[in-house]
Each structure stands twice: as structure tokens, then as C-alpha cells.
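Spelled out, the chains give:
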Amino acid sequence: MRRSPRDTEESSRKISRRALLLGGAQVAIVAGLTARMRQLQIVDSKQYRLLSDKNRINIRLLPPARGLIYDRNGILIAGNEQNYSAVILREDAGNVRDTLDKLSELIPLSQEDIHRTIRDVKRHSPFVPITVSDRLTWDQLSRVAVNGPALPGISPEVGLSRYYPLDEDLAHVVGYVGPVSEADLKDNPSPDPLLQIPKFQIGKLGVEAKLEEQLRGTAGLERVEVNSVGRVMRKIGEEPGRPGENIQLTIDAKLQDFLMARLVGQSAAVVVMDVEKGDILASVSAPSFNPNLFVRGISIKDYAAYRDNNHHPLINKAVQGVYPPGSTFKIVTGLAALNSGQLKLTDKVFCPGYLKVGKRIFHCWKHGGHGWLDIEGAITQSCDVFFYTAAQRCGIDPIAHMAKRMGLGEAPELPMSAIASGLTPDKKWKKKYRHQDWLIGDTINAAIGQGYVLTSPLQLAIMTARLASGKAVVPRLVKSVDSVEVPVVPADALNLPQPFLDGVRKGVWGVVNSIHGTANYARIADTSMLMAGKTGTAQVRNITAADRAAGLAKPDQIPWNERDHALFVAYAPFDKPKVAVGVVVEHGGPDHSAAPLGRDALLFAMTGGVPPLSAYPARYRKEIGAEFNALKLRNIEPQPPARSRA
Amino acid sequence: MSYLEYTVKTVPTGLRKVLYINWALVVLLIAVASAGFLMLYSVAGGSLQPWAEPQMLRFVAGLIVMFIFAFVPTWFWRNISGVAYLIALALLVLVDVAGSVGMGAQRWINLGFMRLQPSELGKIALVMLLASYYDWLDVKKVSRPFWVLVPLVLTLVPMALVMKQPDLGTAILMMLGAGVVMFVAGVSPWYFAGIGVLGSGLITAVMMSRGTHWQLLKDYQYKRIDIFLDPGSDPLGAGYHIMQAKIALGSGGWAGRGFLQGTQSRLNFLPEKHTDFIFTTLGEEFGFLGTTSLLILYALIVLFCLHSALNNKDRFSSLLTIGVAATFFFYFAVNMAMVMGLAPVVGVPLPLVSYGGSAMLVLMGAFGLVQSAHIHRPRGR
């Protein structure tokens, strides 16, 4: 096709015009780009230079070593051990699944591990290392290291992990640690940056949780030059962190272990306490659980075994379990009646075996009755009628008040989890929570520690310590922090007239040492360590009139979980009290299970080891000796308190 | 216009063509490519591998291609423009069916020795076809609706294929390149106004379709738009690229941190530091002086092309030259705007500098066409 020259001319002119327009537009764009360059590189340059330096230098957290936990004699309760793990970095791994499959040929990996890892990898940025498997053996670790080139993104790591050398013994007191959960972060608006470290372990229960701040320490900082994926190119500087504080507990690990061994197969709690300083020497809840399982992440099967055990190993019965104190509460009722002035030390009450109040009949545990008794005899023989009468005279409110003074009805402040406050009912309480008026029957039930009254074994120990020392002893669990002793706050006086205290003390002396006493079988023969105590029985099931008519069943005919709880409180030595104990044996029935436990606990605490048989009455020595020989005690010795300040 | 129209007297033949090559343009191209080698050497941490050396080899190959193309008479290029366009379309379809997937998008055909990116070829083939279309079309008909519709369809078909890959950046470059050829060819400005209105309508539709079942763009494309609008919103996630690029550029300051001294790129803070974001390394190491120098080199290349086009009385030649120059212009303008946070990150390389085979070869081929038009321009009175 041919075109006229005019056409071509015209088109040329048009092209020129338009091309110039285009050129103009392009010049404008170039000018715009230049202006932008000027803005970025000259005007705002300083600010970007700053950002660039910040980019280059990254601050890495160095997790501090967690503080160690010792017992009062320097026995390690919670330590840190090296653990070997394999971690994966997504940005290096490429195909995570393939890499994990390859890894599983070298080290045992469950499907669960693989799924969890893949899930975690997806949740985090590609440069956050995710633990595939921890607690590798040295062998497995080397295998991973040697095969490094074939496993992109997998690297072996050495870290510190918590472990509890005494396994079950102190699980309820010390608790355990576990990885930070979302819930932990949610409660905390500005959490410690350490908590952001994947798998960082923090206290979840017990002392580990309550003293988390002290135990954790502060993170060290490492300034490193990194590239954008966080890979360290060069170390620039380091600020060491501060390891967590080492905590020494008031617990005597050997006593604790002895009691755990004594309680194999039972569902029971024992709290042993220093009557002057308030030191908790032992706080046992049997059965217990192995905290090491929780640190590793407990398997569903293990957890189910704990959960479904009818002895409830996961519950800390010593501080969390509340029980009707039964006759041990007569200490409180007696002191309340004396202190109210409605009962004199010399007053005697006749016990015919029952007390008729209005139309209701309240029975004494002894069918035939005790006859005439003063308060001392009434405590010794645990006469119900005497205390029905005493409570009737003074009313409930002085009893509730006295219970509070003795440390009941409120949660003691200790760094342990789920400490129960128990219950010391009075008129106001019943009105407020039950919307009912207080009845005389309630007072009579409360007088012997039944009805609404609830106490924990820890509170029973406190009550006993206060009776023994005459002071408002406050329990404590931490003896020293980083080898600096925590000062003992001198306890206030109870402000009870000495004769009243002495009267009740004589009563509890008799319980163990009088031939009429309800725990005479558990007496201590060594006169330098004589024990005073009080037994109690907490009804699990109401005894109906029909039951009574049918005659009370023999204990061994009652199903285990319907048997009464056996309680015992005691202190020793009688003339110069040092230690007090509170014991609850769940469904122990009246088969003399609680008092010997209390006795052995006190003897162990006083002698500092397995009690010598010479401390026991001659007729029981052979039997007790055999029993002690059968105990499986740990061989634990205090280590020099080597402080890991790594 | 046919071969016979060239007057043998005035159009150089044989080896004499060498003398008529636009040597200034060649020098400029070498200068720009050399800046690229320097940057690739730097981002590799002061090493010729893995990028600088292959890039040099490719550039040499590109120069050879350019010279070969330059020696071929322009009429040949005009006559095969339709074929080139059809081949490009076929390859675009093929890449859709059998292409390799890279960076989440299907863009390449693996030829064994290199990965061919048909969209690159498409851009140039489209410019060629439109230039020959307007060369063939009677000037009076240029603005008639039907004759506007034809190039529009010719543009939209490859554009749609490229967008489907998905490669929004190249699709936009195609549209801009084709638009420039049509504009310079004399299509009435009203059409462009109309397209502008339609375009903004389309943008509205695109944004409104987000999250619905007829969503027009991929999620990542929406995300990039979001981040373009507010890069600070996600500095460690997707806004990362832009933030880091700006930090690199800005920290360069007036004269830069010095060759091989850029911490941003050397420490790997920059994404795709050897391809789309290579400009940031230049900015970091050579500062404002470096970036403006490169910009001036680029502008000179475009200028020389425009100059050549304006002095060329052959309609196809000037349209082709302007089209190639415009495509080249939009290449670097969009890339720079993108890394400087003025445009969304759409994945456009910095021409002749970014590491990449097909873009380099195709561009050098295109400059071969420009040279061909320059050498074979009609002379005489």
C-alpha cells in the first residue's frame, strides 16, 4: 500500500507533536523520581541511617538459669539439667514434612511430635526455631549433628531443663514448670520478653509458680549482627543476665520422703510444722504425682491415670483438701468455752452417753457414757457430751472467733497453689450463705468439729502449733533466698490466759499418755520427747437412726470410700514443744491409722532421722521396727550448695 | 513501504551499517549494564558468583543479539511483527499449560539453557505489531472507533494472559507501552480519557470485589496494595519489603556508604536483592549521586531513542522506537517508584541491571530493533 507524501508528512508531524508531549510527561516522571530520591536519601537520610543500624544489630535474649530449690538441709529439690533437643528452622528446612520424615529415621519421633511440630512451625515466623524433640540422648544428638547436611534446617541444641530429683516427694509443694501458654501471656499485659521464647519454662504450680519472679531471673542480652532472617553473622557484645534466685525451703526433704514412704497406698495428708518459727517441715499429700512428667509434657495416658485414680494424686490434700476436723476441733471448743467464762476449768459435766436438746438426741461416741468429767478428762477421753454442753453454754460465735484465733477459717499465706481457707461457721455466715437462722443443733455439731466446720491438714497443724506455743504462729515455707536467711517474724501472743491453755494441754497430754486416752497406743516412750495430741474422726456418711438401730457396721464391712476420715493432731515434746503435726487419713476409719503417722512424723522431726526404736513403748518396737525396715526410703544426701552462676 | 523504497544510495549496506549504528545508545546501554554488574557483584558479597558473571555473559549475548537485529532491515521486522505477536501469544498460552512455577506465579518456559519468560517477549511483540498496524492504517482512520478497537483487543488478549499468570507488573507495562504507541500514532486523546474513566471504574470494581466470590485479583496482590498504602502496618510481614527498601535507600544518604559497604543488602535484609530490589543496593552504597546518575543514564537512553524516532520519517520505525523506549522507560520508572514506596510492589525488574536472563535478552533484542530503525531510516531530501 502506498501513501501520499502529504499523509506521511502529516503523520510525521503528529508523531513529533505527540512524542514531544510524551517526552514532557517522561521528564515530569523522572523529576518526580528524583524528588523522591532526594526526599529519601538527603532529607530523611538520618532517620533511615538510624533504622539501618537498628536493623543490623539485633538483640538476642539469653535465657537465665532458673533458680534452684533446696530443702532446709541443702538437698536439691528442683534443679536444671542439660537437655539435648533438635530444633527446626522453617526458612532453612524448605519442606518441613520431608525433613521431619528424614529426621524420624534417625531419632524416635511419634506422629504426634510431627503433627505438633508442623502446627507450631506454621504458627511462627520462618526464622523462629521450633523444637521438634527434646530430651534426646547424647547418642541421638550426635546422630542428628552428624547428619546435619542431609537435614536442612534441623540443628541440635543444648539447653537447660527443669528436673526434680525427688520425683513425687515434693510435687505438691514445689509444683512444676512448663512452657509458656497463651493463657499465661493473656493475664500479663506487658510480659517479660523471656516469655516470648518458644518453650520457655515457667512455673505452673506450687512454689515454682508462686515464686516465679524470683526463680526466673533476668535475661541476658547478646548484641549480634544478624541478617534479615535472624541468622547471626557476628557477635558484637554481651550483657550477662542474672540467674534466678536459689530458694531454700523450710521443708526437710528426708522427713518428707519418710512420710511419703509411710503413706504408700493410702490417701492421706500430713503437715509438720515448727511451733516457734512456723517452718513447714513437711507437707505431704499422698499419693502424689511425678512433676518430671509434666515438665516434658505429660502424655494423655499418664494424665488419665492420675485423673482417674480414686486417691486423687493431683490434689494437694495437705493445703487444698478440707475436712470436718472432728474431735480435734474440741481444742477450739474447749478454749472458746473457757475463754468465754461460761466454763470453768473445774466444771464437771455428767455424760450419760447422749444429750437431749429440745426434741433431738445427740449421741456421745461412747454408748454407755463417760460419767462425770472435767475439761481435761473430756479432751483425754474425747467425750462428745461434755463439749455439746460447753458449746451450748457459750454459743457458736465465741467458738468461731476462737477457731480464727487458732488459725482456722482463713487461708494461710504460703507460696503454694490452691490453699484452702476452710470454714469456721457462725451465725452471720449461715444467714448470708445459707439464708437460714443458726440453730442450736448447728452449734452442737460444730462443737465436735462436724456440721459446717471444715479445715485443711495445714490448718490443723497451725492450730496445734498455736496451742503448743501459745503464740499466733504463722507458717512459712521459704527459709533463705540466695543463701540469705529470711528473717523469722516473731509470732504474736495468742493472749489466752495461761491456765486455759495449760488445761487444754493437759487434756491433749492425756489423749496420748493416759491409759484412758484415745490415742494411748501411739504414745512415745522416750520421756524427753513426750507427745500430746488429739484424735478425730470425720464422718463421710451420715449415720442415720436406721443405721444406729441396725447396729453400727464393722469398719471393714463399709466400702473404702464411705469409711470415715481419721484425723490426728499432736505436738512434742510436751514440756518444751518444738514440732506440731496435722494428719488426715482419708477413709482411714477408726483403725488407728492417723495417730501413729503423727507420732512418727514428730519423732523423725525431733531426732532428725528414722526414729530410734527406743523412743517407742517396748511392746510395739518389734512391729514398728519391721515396718520401718520395709519402708522404701530414698538415699538422699545434701549436696554442697554449689550455686550455678553460669 | 517496501524494500524497493529504500534508496540504495542513502541506506547503508553490508558492513557499512556498523558506522551508522547509534553508538551513543550502545555506550549508554553498556554503562547501565555495567552499573548492574557492579551491584550484582556487591550483593553477592563482593563476588562474581552467583550473579555478576552470568549476567555479564548474558549481556554479551544480548549485545550480539542487538547487533544482529540491528543489521536486519526494518521492513523484515515490520513484516514479521504479526508472526512475532502470534508466537508470543502461543508461548503465553503454553506457559499457562506447562510453565514452571516460580515465586508462586507461572511465568517461565524452561528451555534448558535459560528460562524464557514469554511475557517479556509479548511486550516487545505487541509494540512491534501496533507500530506496523499504525504504519499500515490510513492516518485518517486512526481515531475511528473500529480502528481503535482493533489495537485495544490486540493489547488486551496478551495482557489478560499475563495477568492470569499472574504478573500484574508486566501486564501494566504492556498496557502502558501499547498506550504510548497508540497515543503517538495519533489516536484521539478522548479515547485515553475514556480509558482513564473506565480504568478508575475497574479499579473501584477490583477493590470492591475483594473478599467476594468474584474477587478479581489474588489475595497477595490485594495485600501488596494495602501495604503500598500503608507500609508501616506490617513491617515484619508483607510491608517488610518496602520498609527495608526505603531504609536501604535512605541510609545511603548523599554519597552512599561506599562500594561493598551496604549493610542492608549484604546482611540479607533486602528481599530479592539481586532482582527487583537491586536499586536499593545502589542507593545504599552510592547514595543520591549513584541513584540520580543511573536515572540520568536511563533518561538519556530514552532521549536518544526519542531523538532517533523524531528524525525517522518512516512511520513504523519511529513508532517502534518510541514504543520500545516507552516500554523501557516504564520499566525503570515503575521499578524505581516501587522500591521507593511510590507504587505498589508489582514485580518489575530494573531493566539491564536486575539479574535475569530473558528480560535482558529481550530488551537487548528490542534495542536491536531500535538500532535497525536507526540504521535503515529513510534518507534523502
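Residues numbered from 1 in each chain as written. Chains lettered and ligands numbered in written order. Predicted model: local features only at pLDDT ≥ 70, side-chain atom pairs only at ≥ 80, totals over all residues. Heavy atoms only, no water.

S.K.: Could you give an account of the overall build of chain A, naming the residues involved and the relevant values?
M.R.: Helices and strands together make up the secondary structure of chain A, namely 24 helices and 21 strands. Relative to its 646 residues, chain A shows a buried fraction of 52%. Restricting the contact set of chain A to residue pairs at least 6 apart, pairs at least 24 apart contribute 72%. Entry remark: accessible area of chain A is about 29800 Å², with carbon and sulfur atoms responsible for 53%. (Helix = DSSP H or I, 4+ residues; strand = E, 2+ residues; numbered from the N terminus. Buried < 20%, exposed > 50% of the residue type's maximum accessible area, 1.4 Å probe, protein only. Contact = heavy atoms within 4.5 Å. Areas by Shrake-Rupley, 256 points an atom, 1.4 Å probe, with all protein chains shown as cover.)

S.K.: Which residues make up the overall build of chain B, and what are the values?
M.R.: Helix and strand counts for chain B come out as 14 helices and three strands. Contacts in chain B between residues far apart in sequence, at least 24 positions, make up 72% of those at least 6 positions apart. Accessible area of chain B: about 15300 Å², with a carbon and sulfur share of 71%.

S.K.: Account for the packing of helix 14 (residues 330-340) of chain A against helix 16 (residues 384-394) of chain A, with residues named and values stated.
M.R.: Residues and elements named next belong to chain A. Relative to each other, helix 14 and helix 16 sit at 45°, their axes nearing to 9 Å. Here helix 16 runs oblique to helix 14, going by the angle between their axes. Of the two possible hands of crossing, helix 14 and helix 16 adopt the one that is left-handed. Contacts between helix 14 and helix 16 involve Lys 330, Thr 333, Gly 334, Ala 336, Ala 337 and Ser 340 from the former and Asp 384, Phe 387, Ala 390, Ala 391 and Cys 394 from the latter. For the contact of helix 14 with helix 16, the per-class residue count stands at six nonpolar, three polar and two charged. (Axes fitted to C-alpha atoms, helices over the stretch in contact; angles between N-to-C directions. Parallel < 35°, antiparallel > 145°, perpendicular 65-115°, else oblique. Left-handed = near helix turned anticlockwise from the far one by under 90°. Nonpolar A, V, L, I, M, F, W, Y, C, P; charged D, E, K, R; others polar.)

S.K.: Quick one: what's the story with the pairing of strand 4 (residues 130-136) of chain A, residue by residue and with numbers?
M.R.: Residue and element names in this part refer to chain A. The buried count for strand 4 comes to five of seven residues, which makes it a mostly enclosed element. Where strand 3 (residues 76-88) meets strand 4, four bridges bridge the pair, whose relative direction is antiparallel. What sits directly across from Ile 88, in strand 4, is Ile 130. (Pairing = 2+ DSSP bridges.)

S.K.: So what's going on with the environment of Leu 597 of chain A? Residues and values would help.
M.R.: All names here are of chain A. With respect to the element layout, Leu 597 can be found in helix 23 (residues 594-607). Distance in space between the C-alpha atoms of Leu 597 and Phe 568 is 8.6 Å, their sequence separation being 29 residues. When neighbours within four sequence positions are excluded, Leu 597 is seen to be in contact with Leu 259, Arg 262, Leu 263, Val 270, Val 583 and Val 585.

S.K.: Before we move on, could you go through the nonpolar core and cite the residues and values that matter?
M.R.: Counting residues in hydrophobic clusters, the biggest one holds 145 residues, and the most contacted among them are Leu 249, Leu 259, Val 270, Val 272 and Leu 335 of chain A. In terms of domain composition, this core takes at least three residues from each of domain 1 (57-249) and domain 2 (253-630) of chain A. Ignoring sequence-local partners within four residues, the contact set of Leu 335 of chain A consists of Met 402, Met 406, Leu 467, Leu 496, Phe 500, Leu 501 and Val 504 of chain A. Judged by nonpolar contacts, the second largest core, of 109 residues, contains Val 148, Ala 245, Val 346 and Leu 363 of chain B. (Core = buried A, V, L, I, M, F, W, Y, C linked by side-chain atoms within 4.5 Å. Domains from an automatic or database assignment.)

S.K.: So what about the confidence of the model for chain A? Which residues, and what values?
M.R.: The pLDDT averaged across chain A works out to 86; a share of 88% of its residues lies at or above 70. The secondary-structure element of chain A with the lowest mean pLDDT is helix 22 (residues 545-550) of chain A, recorded at 58, while helix 20 (residues 457-469) of chain A shows the highest, at 96. (pLDDT = per-residue confidence, 0-100.)

S.K.: Account for unusual backbone geometry, naming residues and giving values.
M.R.: Residue and element names in this part refer to chain A. Cis geometry is adopted by the peptide bond preceding Pro 287, which originates at Ala 286 and carries an omega value of -10°. Pro 573 follows Ala 572 through a cis peptide bond whose omega is -15°. Locating Pro 573 in the fold gives a position in the loop between strand 20 (565-572) and strand 21 (579-585). With a phi close to 45°, Asp 167 is a non-glycine residue in the positive phi region. With respect to the helices, strands and loops of the structure, Asp 167 is situated in the loop between strand 5 (154-163) and helix 7 (171-174). Despite not being glycine, Ser 382 has its phi angle at roughly 55°, a positive value. Mapped onto the secondary structure, Ser 382 falls in the loop between helix 15 (375-381) and helix 16. Since its relative accessible area comes to 3%, Ser 382 is described here as buried.

S.K.: Any chance you could break down the side chain of Lys 17 of chain B for me, citing the residues and the numbers?
M.R.: Residue and element names in this part refer to chain B. Residue placement: Lys 17 occurs in helix 1 (residues 17-20). Notably, Lys 17 is buried but unbridged: the nearest opposite-charge side chain belongs to Asp 314, and the N-O separation is 14 Å. Among the polar contacts listed, one links the side chain of Lys 17 to the backbone oxygen of Phe 71, at a separation of 2.4 Å. Every residue in contact with Lys 17, bar those within four places of it in the chain, is listed here: Pro 12, Phe 71, Pro 73, Ile 375 and His 376. (Lys, Arg positive; Asp, Glu negative; His and termini not counted. Salt bridge = Lys/Arg side-chain N within 4 Å of Asp/Glu carboxyl O. Polar contact = N/O pair within 3.5 Å; in protein donor to acceptor, adjacent residues only side chain to side chain.)

S.K.: I'd like a rundown of the pattern of salt bridges, residues and numbers included.
M.R.: All names here are of chain A. One pass over the full model with this rule turns up 23 salt bridges over all chains. Notably, a salt bridge pairs Arg 66 with Glu 212, separated by 2.8 Å at the nearest N-O pair. Of this pair, Arg 66 sits in the loop between strand 1 (57-62) and strand 2 (69-70) while Glu 212 sits in helix 10 (residues 212-216); the two residues are 146 residues apart in sequence, bridging distant segments of the chain. Its relative accessible area of 8% is what places Arg 66 among the buried residues. Where Arg 262 meets Asp 600, a salt bridge forms, and the shortest distance between an N and an O atom there is 2.8 Å. Of the two residues, Arg 262 is situated in helix 11 (residues 253-262) and Asp 600 in helix 23; the sequence distance between them amounts to 338 residues. Considered together, Arg 262 and Asp 600 belong to a single accessibility category, that of buried residues. When salt bridges with common partners are traced through the structure, they connect Arg 66, Arg 162, Glu 208, Glu 212 and Arg 216 into a single cluster.

S.K.: Go over the environment of Ile 280 of chain A with me, naming the residues and quoting the values.
M.R.: Residues and elements named next belong to chain A. Within the secondary structure, Ile 280 sits in strand 12 (residues 280-286). On a C-alpha basis, the gap between Ile 280 and Leu 249 in space is 8.4 Å, while along the polypeptide they are 31 residues apart. Once residues within four sequence positions are removed from consideration, Ile 280 is found in contact with Thr 250, Ile 251, Val 271, Val 272, Met 273, Leu 414, Leu 458, Pro 475, Arg 476 and Leu 477.

S.K.: Give me the lowdown on the sheet that holds strand 19 (residues 532-538) of chain A, citing residues and values where you can.
M.R.: All names here are of chain A. Here we have five strands laid out as an open sheet, ordered 12-11-21-20-19, and antiparallel in their pairing. Each end of this open sheet is capped by a strand with a single partner; those strands are strand 12 and strand 19. Averaged over all pairs of adjacent strands, the angle between their axes in this sheet comes to 5°, without regard to strand direction. Sheet analysis places strand 19 next to strand 20, joined by seven bridges and oriented antiparallel. Among the inter-strand pairings, Lys 534 is bridged to a residue of strand 20, identified as Val 569.

S.K.: Requested: an account of the packing of aromatic side chains, with residues and values cited.
M.R.: All names here are of chain B. Tallying each qualifying case throughout the model produces 37 aromatic pairs over all chains. Considering the side-chain rings of Tyr 41 and Phe 259, the 6.0 Å spacing of their centres and the 20° angle between planes classify their relative orientation as stacked. Taken together, the residues span a long stretch of sequence, with Tyr 41 in helix 2 (residues 23-43) and Phe 259 in the loop between helix 10 (240-252) and helix 11 (263-266) at a distance of 218 residues. Owing to a relative accessible area of 29%, Phe 259 belongs among the partly exposed residues under this scheme. (Phe/Tyr/Trp six-rings, centres within 6.5 Å; stacked < 30°, edge-to-face > 60°.)

S.K.: Can you explain the packing of helix 2 of chain B against helix 3 (residues 52-71) of chain B? Please cite residues and give values.
M.R.: Two quantities define a packed helix pair, namely the angle between the helix axes and the distance between the axes. Residue and element names in this part refer to chain B. Orientation of helix 2 relative to helix 3, taken along the N-to-C sense of each, is 165°, at an axis distance of 9 Å. Viewed along their axes, helix 2 and helix 3 adopt a mutual orientation that is roughly antiparallel. You can see that helix 2 and helix 3 cross each other, and the crossing is right-handed. For the pair helix 2 and helix 3, contact is made by Trp 23, Val 26, Leu 29, Ile 30, Ala 33, Phe 37, Leu 40 and Tyr 41 and by Ala 52, Gln 55, Met 56, Phe 59, Leu 63, Met 66 and Phe 67, respectively.

S.K.: Tell me about the side chain of Ser 283 of chain A, and please be specific about residues and values.
M.R.: For Ser 283 of chain A, the position within the fold is in strand 12. Excluding residues within four positions of it along the chain, Ser 283 of chain A makes contact with Val 173, Ile 251, Gln 256, Val 270, Val 271, Ala 318, Val 319 and Met 416 of chain A.

S.K.: Can you tell me about the environment of Thr 327 of chain B, naming the residues and giving the values?
M.R.: All names here are of chain B. On the secondary structure map, Thr 327 appears in helix 13 (residues 315-339). Expressed as a C-alpha distance, the spacing of Thr 327 and Ile 124, which sit 203 residues apart in the sequence, is 8.1 Å. Contact partners of Thr 327, with chain neighbours within four places excluded, come to Lys 123, Val 127 and Gly 177.

S.K.: Just give me the short version of the confidence of the model for chain B, but keep the residues and values in it.
M.R.: Fine structural detail should not be taken from predicted coordinates in areas where pLDDT scores are low. Mean pLDDT over chain B stands at 82; residues scoring 70 or higher make up 86%. Complex prediction metrics read pTM 0.60 and ipTM 0.87.

S.K.: Can you tell me about a nonpolar patch on the surface, naming the residues and giving the values?
M.R.: Nonpolar side chains collect at one region of the surface, where Ile 42 and Val 43 of chain A together with Trp 254 and Leu 289 of chain B lie side by side and expose about 360 Å² of accessible area between them. Counting through the fold element by element, Leu 289 of chain B comes out in helix 12 (residues 278-310). Owing to a relative accessible area of 41%, Leu 289 of chain B belongs among the partly exposed residues under this scheme. (Patch = residues over 30% accessible without salt bridge, like charges linked within 9 Å, V, L, I, M, F, W, Y side chains within 5 Å.)

S.K.: Please give an account of the state of the cysteines that cites residues and values.
M.R.: Residues and elements named next belong to chain A. One pass over the structure, following the stated rule, counts zero disulfides over all chains. Distance from the sulfur of Cys 351, which forms no disulfide, to the nearest cysteine sulfur (Cys 383) is 3.6 Å. On the basis of relative accessibility, which here comes to 2%, the residue Cys 351 falls in the buried class. (Disulfide = S-S within 2.5 Å.)

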